[in-house]
Amino acid sequence: AAQARLTALGFRDPKGAFNHLRALSEGVSRRAAIQRQLLPAMLGWFADEADPDAGLLAFRRVSDELGTTHWYLKMLRDEGRAAERLAHTLGRSRFAAELLEQAPDCVQFLGDGSGLRPRTREEVESRMRAAAGRQGSLDQAVQAARTIRRAELFRLAVADLEGSLTTTDVGHALSDLAGGLIQVALEQVVRAHVAEQGRDLVTRLLVVGMGRLGGREAGYASDADVLFVHDPVPGADDQQAQDDALDVVRELVRVLGLPGPDPRLEIDADLRPEGKNGPLVRSLASYAAYYERWSLVWEAQALLRARPVAGDPELADRFLALIDPIRWPREGLTAAQVREIRTLKARMESERLPRGADRKTHFKLGHGGLSDVEWCAQLVQLRHAHAHPELRTTSTVEALTAARALGLVAATDAEELLEAWTMTSRLRNAGMLWRGRSLESLPSDVRDAEGVARVLRRPPGSGHLLDEEYRRVTRRARTAYERVFFEQ
């Protein structure tokens, strides 16, 4: 009878679910008694989600870890919405469930509404720095900082699942979290290098965020696109400075890429001059010489989203002074440069779309997807930012909003582009929250579509409507893109 009831609630493995219930509630302990009080309501909340089996399994794992603590079950029983919030979170998001299973203490965030407020970068950095400072080795210090990142990712995911954050809020919080981790890790690597060498570095270092990190528009699955810059201290030997910088940057990439308590933050420096064939880190003077002699229009376009995220503040100011005339060219673009950008975009569409991907539903490279919107904004910036300071932003959303206000993009076109960018960004984030791994196209699997729809707080059974809605929004955005990008 219990298994029949579980089947009616939507559990796909009622026998397994029954075993979880028995393990949670059998016995005469205080823990089992409280679980028996909680579980009838929690089963209903799990059943409201697309994967109640995964929700119940995650709840059992967390309860096995925390069930003997004095505060855990008391909080779920007495703290208003804590139990309901936990059930919906575990049943709705594999990403959040995996984070919580690794750090069960984070469940206490659910007992207080203010506990779901994303922390500022300053607050996060301070906690990371304190945690790292208590460790005895570089690897342990960075792992401790990453433990703080894991807790903040869980806090952010729960707030996002509850609908209390906008897409912009999520992008800012994730970008600040990545930037904070890079800053603290850089400090720890420099400290370890100085201790090992027995002398100070002979150069200053800067990490510049590119792409979505630079635009403060990162998603849950975003890599950290960066440039590494250094500047020798007065009187230093240039080769020694380059060696110091390269040693520190390589070690930074290594420690951030180690298996750890949080999802790995992949450092991608492929947007540097000369790409993978170029040096991993360059001096400021080397950047200046390269851009003066060899800079291509695509590199100016990439620099539109360059924003210092870690390292020496004074060097950051000097780097921005160097690149501002490149990314906001004084005379705008020539007709030949506009043609080159359009040709590059066409080549990217034809060559970089993954084999087998649907051009109508791929989030980044599909028609009306992220690439279409971002290239529209960037073309307008390259052509007009020298005359309009409002366009001098690393954010795609802010750039298009400014272009609309300035009359450089028609209001209807800007609205359709922004709607597509926002919807696509939300779908990518929702896919990561639902599956625990990235989703690059509109889901074709019925269960995945339903799970993504629940993350977006759509009504039960509405997963199949995502396809129609997404195609409609991106079809309009593609038409707007053709008007803006090709001036058709």
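Shown above is the structure to which this text applies.
Residue numbers here run from 1 along each chain, matching the order of that chain's written sequence. With pLDDT at 70 or above as the cut-off, local features in this predicted model cover only qualifying residues; side-chain atom pairs require 80 or more to be listed or tallied, and sums for whole chains, interfaces and linings still use all residues. Excluding hydrogens and water, the side-chain figures rest on all heavy atoms present in the structure.

1. Considering the overall build of the protein chain
The number of helices and strands found in the protein chain is 21 helices and five strands. Using C-alpha atoms as the atom set, the radius of gyration is obtained and then compared with a globule rule of 2.2 Å times the number of residues to the power 0.38. For the protein chain, the C-alpha radius of gyration of 25 Å lies close to 23 Å, the compact-globule estimate for 488 residues. Taking the principal axes of its C-alpha atoms as reference, the protein chain extends roughly 75 × 65 × 40 Å. Taken over 488 residues, the protein chain has a buried fraction of 53%. Any two residues whose heavy atoms approach within 4.5 Å at even a single point are treated as in contact. Restricting the contact set of the protein chain to residue pairs at least 6 apart, pairs at least 24 apart contribute 72%. All accessible-area figures derive from a Shrake-Rupley calculation using a 1.4 Å probe, and residue coverage is judged against the displayed protein chains alone. Accessible surface, the protein chain: about 21,200 Å² in total, of which carbon and sulfur atoms supply 49%. A run of H or I in DSSP becomes a helix once it reaches four residues, and a run of E becomes a strand once it reaches two; helices and strands are each numbered from the N terminus. Relative accessibility thresholds used throughout: buried, under 20% of the residue-type maximum; exposed, over 50%; partly exposed, between the two (1.4 Å probe, protein chains only).

2. Description of helix α7 (residues 94-102)
Residues Phe95, Ala96, Ala97, Leu99 and Leu100 constitute the buried set of α7. For α7, the secondary structure elements touched by its buried residues are α4 (52-66), α6 (82-92), α9 (138-162) and α19 (411-435).

3. Structural notes on the packing of aromatic side chains
We describe a pair of aromatic rings using the distance from one ring centre to the other and the angle between the two ring planes. For Phe, Tyr and Trp, rings pair up if their centres lie within 6.5 Å, where Trp contributes its six-membered ring, and each pair is then called stacked (planes under 30 degrees apart), edge-to-face (over 60) or tilted (otherwise). As enumerated under the stated definition, the model contains twelve aromatic pairs in all. Consider the rings of phenylalanine 46 and phenylalanine 59, whose centres lie 6.2 Å apart with planes at 55°: the pair is tilted. You can see phenylalanine 46 sitting in helix α3 (residues 30-47) and its partner phenylalanine 59 sitting in helix α4, a full 13 residues away along the chain. By the ring-pair criterion, three or more aromatic residues cluster together here, those being Tyr287, Tyr290, Tyr291 and Phe319.

4. Points about the nonpolar core
With 157 residues, the main nonpolar core has Phe59, Leu76 and Leu86 as its most contacted residues. If one sorts the elements of this core by residue count, α9 sits on top with 14 residues. The set of buried Ala, Val, Leu, Ile, Met, Phe, Trp, Tyr and Cys residues whose side-chain atoms join them within 4.5 Å is what this entry labels a nonpolar core.

5. Structural notes on helix α18 (residues 396-406)
Residues of α18 that are buried: Thr396, Ala399, Leu400, Ala402 and Ala403. The buried residues of α18 occupy an angular sector of 160° when projected down its axis, which confines them to one face. Turning to α18, the residues buried within the fold contact α17 (370-384) and α19. Polar contact is defined as a pair of N or O atoms within 3.5 Å, subject to the rule that within protein one atom must be able to donate a hydrogen and the other to accept it, and that residues adjacent in sequence are counted only when both atoms are side-chain atoms. With a side-chain oxygen lying 3.3 Å from the backbone nitrogen of valine 397, the N-terminal cap of α18 falls on serine 395. Just past α18, the residue glycine 407 takes up positive phi, approximately 80°. This arc corresponds to the set of directions leading from the helix axis out to the C-beta atoms.

6. Thoughts on a positive patch on the surface
Patch definition: residues with relative accessible area over 30% and no salt bridge; like charges joined within 9 Å; nonpolar side chains (Val, Leu, Ile, Met, Phe, Trp, Tyr) joined within 5 Å. The term salt bridge refers to a side-chain nitrogen of Lys or Arg lying within 4 Å of a carboxyl oxygen of Asp or Glu. Neither His nor the chain ends contribute to the count of charged residues, in which Lys and Arg are positive and Asp and Glu negative. By convention, charge coordinates are those of NZ in Lys, CZ in Arg, CG in Asp, or CD in Glu. A surface patch of like charges, here positive, comprises Lys360, Arg472, Arg475 and Arg476. Here arginine 472 lies in helix α21 (residues 465-485).

7. Remarks on a negative patch on the surface
Taken together, the side chains of Glu196, Asp237, Asp238, Asp243 and Asp247 define an acidic patch exposed on the protein surface. Tallying contributions element by element places helix α12 (residues 238-257) first for the negative patch, with three residues. Topologically, glutamate 196 is positioned in helix α10 (residues 167-197). Judged by its relative accessible area of 66%, glutamate 196 is exposed.

8. Regarding the environment of leucine 296
By the element assignment, leucine 296 lies in the loop between α13 (284-294) and α14 (297-303). Accessibility expressed as a relative area gives 42% for leucine 296, which makes it partly exposed. Leucine 296 sits 41 residues away from glutamine 337 along the chain, and the two C-alpha atoms are 9.4 Å apart.

9. Describing the pattern of salt bridges
A full pass over the atoms with the stated rule returns 50 salt bridges. Residue glutamate 49 is joined to arginine 92 by a salt bridge in which the shortest nitrogen-to-oxygen separation is 2.8 Å. Here the residue glutamate 49 occupies a position in the loop between α3 and α4, and arginine 92 occupies one in helix α6, the gap between them amounting to 43 residues. On the basis of relative accessibility, which here comes to 4%, the residue glutamate 49 falls in the buried class. Of the charged contacts in the structure, one is a salt bridge between aspartate 448 and arginine 435, with a shortest N-O distance of 4.0 Å. Placement of the pair is aspartate 448 in helix α20 (residues 446-455) and arginine 435 in helix α19, with a sequence separation of 13 residues. A relative accessible area of 17% places aspartate 448 in the buried class. With a relative accessible area of 15%, arginine 435 lands in the buried category.

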